[in-house]
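# Working through the structure, step by step
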Amino acid sequence: MGAETALLGLFGLSSAFALVSLLLSIWMTWRIVAKAGFPGWLGLLFVLLPFTGVGSLVSLVLLWIFAFIGWPRDEDPLLVAARRQPGAAPAAPQVRGPGGQALPAPAPALPDKRGWTLTGKLAGGVPLTLTVDGSSSSWLLTGAPAARPGDLTVADPSVGQPHARILVSGSRLGLEDLGTRGGTFIDGARLLPEHGPRDISAVRMVRLGTVELSLARA
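Each chain has its residues counted from 1, following the order in which its sequence is written. Given that this is a predicted model, residues contribute local features only at a pLDDT of at least 70 and side-chain atom pairs are listed and counted only at 80 or more, while totals for whole chains, interfaces and linings are drawn from all residues. In computing side-chain values, all of the structure's heavy atoms are included and hydrogens and water are not.

Quick look at the overall build of the protein now. Every helix listed is a DSSP run of H or I at least four residues long, and every strand listed is a run of E at least two residues long, numbered separately from the N terminus. If you tally the helices and strands in the protein, you get four helices and eleven strands. Only protein chains enter the accessibility calculation, which uses a 1.4 Å probe; a residue whose area is less than 20% of its type maximum is buried, one above 50% is exposed, and one in between is partly exposed. Across the 218 residues that make up the protein, the buried fraction comes to 30%. Contacts are assigned to residue pairs with any non-hydrogen atoms lying within 4.5 Å of each other. In the protein, the share of contacts with a sequence separation of at least 24, taken over all contacts with a separation of at least 6, comes to 44%. In the structure as shown, the protein presents an accessible area of about 14400 Å², 66% of it carried by carbon and sulfur atoms. Calculation of accessible area relied on Shrake-Rupley with a 1.4 Å probe; when residues are assessed, cover is drawn exclusively from the protein chains displayed.

Structure representation (structure tokens):
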């Protein structure tokens, strides 16, 4: 009597497990078929085929995995459309505020068009300010009077004629010594003609002969 009761209980447990497995399989298969773009009821055909013995457990595990993996249909349709267009950059995801409204994309950074200034004092305490902007890619530092628009005059006997050349490239500034006896110095370090142009965008002080000039953005 006890054995029969145990068998009946085991049979009932197996039946309950089979029923739960069947229901889970139907539900997960429906999700898979629906994500693939087909009517969900077609999933019933796939459930009835493998649902026997050990195959039921294997099918249940596989269905569980495939039911929750990422599918192309789950992606943002804007990203999918951009990916299908050759050479098109993917669309940026929309940022939404607390109320759910789409926030505008941030404005692109504006190019830095600021110039540069060299400020210092000549002999006798005479103030000197030189301005360098993007109107020319090359500026000549000279002790002689300016002969052309790109000349910057530093009226001091220690400054050569010409003395050095300033090169402008976008937001970067370069300096090249032209071999004068007074010498050119960058933050105290001697710049020689064989060094070629050196980037002075982050330099604080430039010395031409005995004239010290502070470098800053205008």
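Note that soluble globular proteins tend to have their nonpolar side chains buried in a common cluster. In this structure, I166 and L175 are the most contacted members of the largest nonpolar core, which totals 25 residues. Going through the elements one at a time, β1 (116-121), β2 (127-132), β3 (138-142), β5 (164-169), β6 (172-177), β10 (205-208) and β11 (211-217) are the ones with two or more residues in this core. In these notes, a set of buried Ala, Val, Leu, Ile, Met, Phe, Trp, Tyr and Cys residues joined through side-chain atoms within 4.5 Å is what counts as a nonpolar core.

Now for the packing of aromatic side chains. Classification of ring pairs rests on two measures: the distance between centres of Phe, Tyr or Trp rings, Trp counted by its six-membered ring, which must be within 6.5 Å, and the angle between planes, read as stacked under 30 degrees, edge-to-face over 60 and tilted in between. Considering all chains together, one arrives at zero aromatic pairs under this definition. Counted as over-ring charges are cases with an Arg CZ or a Lys NZ within 6 Å of the ring centre that also lie within 35 degrees of the ring normal. Here the guanidinium or amino end of R217 rests over the ring plane of W116, the centre of that ring lying 4.3 Å away.

Once that is clear, we can look at unusual backbone geometry. Of note, the bond from Q161 into P162 is cis; its omega dihedral lies within 30 degrees of zero at 5 degrees. Relative to the helices and strands, P162 resides in the loop between β4 (151-153) and β5. Although it is not a glycine, D187 sits at a positive phi angle of roughly 50 degrees. By secondary structure assignment, the location of D187 is in the loop between β7 (184-186) and β8 (189-191).

Time to look at the sheet that holds β3. At least two bridges found by DSSP between two strands is the condition for calling them paired. The mixed open sheet is built from five strands, whose spatial order is β4-β3-β5-β6-β9. Edge positions in the sheet fall to β4 and β9 (198-199), since each of these pairs with one other strand and no more. Bridging between β6 and β9 involves two bridges; their strand directions are antiparallel. Bridge pairing in β9 links G174 to D199.

A one-sided burial pattern is seen for β2, the buried positions being L128, L130 and V132 and the unburied ones P127, T129 and T131. Sheet analysis places β1 next to β2, joined by six bridges and oriented antiparallel. By the bridge assignment for β2, T119 is matched with T129. Here β1 folds back onto β2, and the loop between the two strands holds five residues, one of which, G124, carries a positive phi near 85 degrees.

When a carboxyl oxygen of Asp or Glu is within 4 Å of a side-chain nitrogen of Lys or Arg, the pair counts as a salt bridge. Applying the stated criterion to the full structure yields three salt bridges. A salt bridge links D151 to R148; the nearest nitrogen and oxygen atoms lie 3.3 Å apart. Given the relative accessible area of 42%, R148 is considered partly exposed. Between E176 and R165 there is a salt bridge; the shortest N-O distance is 3.3 Å. One end of the pair, E176, is in strand β6; the other, R165, is in strand β5, and eleven residues separate them in sequence.

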